[in-house]
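The primary structure of each chain is shown beneath.
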Amino acid sequence: MLLEVGNNAPDFNLPNQNDQTISLSDLKGQKIIIWFYPKANTPG
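Residues numbered from 1 in each chain as written. Predicted model: local features only at pLDDT ≥ 70, side-chain atom pairs only at ≥ 80, totals over all residues. Heavy atoms only, no water.

> Even after reading the chapter, I still don't get the overall build of the chain, so can you show me in this structure?
Counting its secondary structure elements, the chain contains 0 helices and 2 strands. Every one of the 44 residues in the chain was classed for burial, and the buried ones make up 7%. If you sum the accessible surface of the chain, you get close to 4700 Å²; carbon and sulfur atoms cover 54% of it. (Helix = DSSP H or I, 4+ residues; strand = E, 2+ residues; numbered from the N terminus. Buried < 20%, exposed > 50% of the residue type's maximum accessible area, 1.4 Å probe, protein only. Areas by Shrake-Rupley, 256 points an atom, 1.4 Å probe, with all protein chains shown as cover.)

> Looking at this structure, how should I read the layout of surface pockets?
A water-sized probe rolled over the atoms picks out the places where empty space is left. A volume near 240 Å³ is recorded for the largest pocket. In this structure, the largest pocket is lined by 13 residues; those nearest its centre are Leu 14, Ile 22, Leu 27, Ile 33 and Ile 34. Listed by contribution, the elements that provide at least two residues to the lining of the largest pocket are strand E1 (13-15) and strand E2 (21-23). For the lining of the largest pocket, the per-class residue count stands at 10 nonpolar, 3 polar and no charged. (1 Å grid on protein atoms, 1.4 Å probe; cavity = no way out; pocket = protein on both sides within 12 Å on 5 of 7 lines; lining within 4 Å. Points joined across faces, edges and corners; volume = space filled by probe spheres on them. Nonpolar A, V, L, I, M, F, W, Y, C, P; charged D, E, K, R; others polar.)

> So what exactly am I meant to see when it comes to unusual backbone geometry here?
Excluding glycine, residues mostly carry a negative phi; peptide bonds, for their part, are mostly trans. Not every positive phi belongs to a glycine, and Asp 19 is a case in point at roughly 65°. Tracing the chain through its elements places Asp 19 in the loop between E1 and E2. Judged by relative accessible area, Asp 19 falls into the exposed class, the value being 67%.

> Quick question: what am I supposed to make of a nonpolar patch on the surface here?
Judged by side-chain polarity, Ile 32, Ile 34 and Phe 36 come together as a nonpolar surface patch covering roughly 310 Å² of accessible area. Relative to the elements of secondary structure, Ile 32 occurs in the segment after E2. (Patch = residues over 30% accessible without salt bridge, like charges linked within 9 Å, V, L, I, M, F, W, Y side chains within 5 Å. Salt bridge = Lys/Arg side-chain N within 4 Å of Asp/Glu carboxyl O.)

> What should I look at first to understand the environment of Leu 27 in this one?
Note that Leu 27 resides in the segment after E2. Not counting residues up to four positions away in its chain, the partners in contact with Leu 27 are Ile 22 and Ile 32. (Contact = heavy atoms within 4.5 Å.)

Now the structure itself:
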């Protein structure tokens, strides 16, 4: 799914650095950066 500039991201769940599952809605009202990168040692 590709978002247009200005659109809200859909809610999703991911594990954090402590292996706890958090959702985007848990962070509502906070400024966040989401950084995606290819798996290590793969062509990206």
